[in-house]
Amino acid sequence: MVITFYNTKGGTCKTSLATAYSYLYNFPILTNDTLNHVYQDQELLGTRIYKLGVNKSSLNPAIFKSNKNLICDLSSSMSVLDSKIPAILRKTDILVIPTLTDNNSLLATATTLKLVQKYVKNIHIIVSRIENSKDLLYAKEYFKHLNLPIYAVKKTRLFHRLSQDGQELFNQIHNTNGEWQLKQTLKEIALVFEEISNV
C-alpha cells in the first residue's frame, strides 16, 4: 500500500503525520523534502528513508517494487508539475491531504485537490492542530461540497515532537505522565490512520 501525504502549502503537518504513520506501522518513507532535518538521520525514525533529489528527472520504480508498503511525504516546495510528483500520485493508493483551519491553508488544500484528483481517487483530508470542535466544523463546512472523508488530529506538543525526535522521544520522556500523554496521542492518531486505511 502506498500512502502519500501532500499539500501544496507548507506547515500543514505533512511530515508530522507521515512520520507518525511510519512509526506506528513500520513503513519506509519516500520524500522529496531532502532538506528537512527530520530526514537527515535515518536512525532517528528507525525506518528506511528514500530521498528524491531535486536534480533527478525521474523516479526510480525499484523503490515501489521493493516496498510493498510505503509512505510518501511530498514537500510543498516542489510544484505538482514536477514529473516525479504525478508519477508518485499515480502509484498512490491513499492520498492524505493535511490542512490547518486558517483560510490560507483551506484555500491551498482546495487548490491541491484540483491538482491531484486526476491522479488519485482515494483522497482523505486530515485537519491538523485542532484546538476545538469549532475548528473542525469550519473545515468540514468549507469542504462539504466535495464529499470527502475529513478527520481531525488534536494540537499537541508531543505529536509535533514525534516528527522532530522520532523514537528518541520515548527515551527523552522520563515521567509516567509524559509517557501516558505520548501513548494517548499516538492512539488517537492511529485511530484516524486505521479509518483511512480501511476505507
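Calculation rules
Every chain begins its residue count from 1, and numbering advances along the sequence as written. pLDDT decides what is reported in this predicted model: residues at 70 or higher carry local features, side-chain atom pairs at 80 or more are listed and counted, and totals for whole chains, interfaces and linings draw on all residues regardless. Where side-chain values are given, they derive from all heavy atoms of the structure, hydrogens and water being excluded. Here, strands pair whenever DSSP counts at least two bridges between them. A run of H or I in DSSP becomes a helix once it reaches four residues, and a run of E becomes a strand once it reaches two; helices and strands are each numbered from the N terminus. With the strands pointing away from the viewer, any crossover whose connection runs clockwise from the first strand over the helix to the second is right-handed. Distance and chemistry together define a polar contact, namely a pair of N or O atoms within 3.5 Å, with one atom able to donate a hydrogen and the other to accept it when in protein, and with adjacent residues in sequence counting only for side-chain atoms on both sides. Whether two residues are in contact is decided by their heavy atoms: any pair within 4.5 Å suffices. Type-normalised accessible area, obtained with a 1.4 Å probe on protein chains alone, sets the label of each residue: buried when under 20%, exposed when over 50%, and partly exposed for intermediate values. Definition used in this section: a nonpolar core is a set of buried Ala, Val, Leu, Ile, Met, Phe, Trp, Tyr and Cys residues joined via side-chain atoms within 4.5 Å.

A.B. asks: Break down the pairing of strand 7 (residues 150–154) for me, with residues and values.
C.D. replies: Regular strands place side chains that alternate from one sheet face to the opposite one. Sheet topology places strand 6 (residues 123–130) next to strand 7; 4 bridges connect them, and they run parallel. Bridge pairing in strand 7 links I130 to K154. Note that the unit made of strand 6, helix 6 (residues 133–142) and strand 7 has a crossover that is right-handed.

A.B. asks: Go over the side chain of T31, please, and point to the residues and values.
C.D. replies: Note on placement: T31 falls in strand 2 (residues 29–31). Polar contacts involving the side chain of T31 include one to the main-chain carbonyl oxygen of D73, which spans 2.9 Å. The residues touching T31, leaving out its near neighbours within four places in the chain, are Y39, I49, Y50, K51, L52 and D73.

A.B. asks: Tell me about the environment of V153, and name the residues and values.
C.D. replies: Mapped onto the elements of the fold, V153 is located in strand 7. On the basis of relative accessibility, which here comes to 6%, the residue V153 falls in the buried class. For the pair formed by V153 and C13, sequence separation is 140 residues and the distance between their alpha carbons is 10.0 Å.

A.B. asks: Explain the nonpolar core to me, using residue names and the numbers behind them.
C.D. replies: If you look at the biggest cluster of nonpolar residues, it comprises 29 residues, and the most contacted ones within it are L30, F64, L70, I88, L95 and I123. Secondary-structure elements contributing two or more residues to this core are strand 1 (2–6), helix 3 (62–66), strand 4 (70–74), helix 4 (84–91), strand 5 (94–99), helix 5 (103–116), strand 6 and helix 6. The element contributing the most residues to this core is strand 6, with 4 residues. By size, the runner-up hydrophobic cluster in this structure holds 22 residues, among which are I3, I71, F193 and I196.

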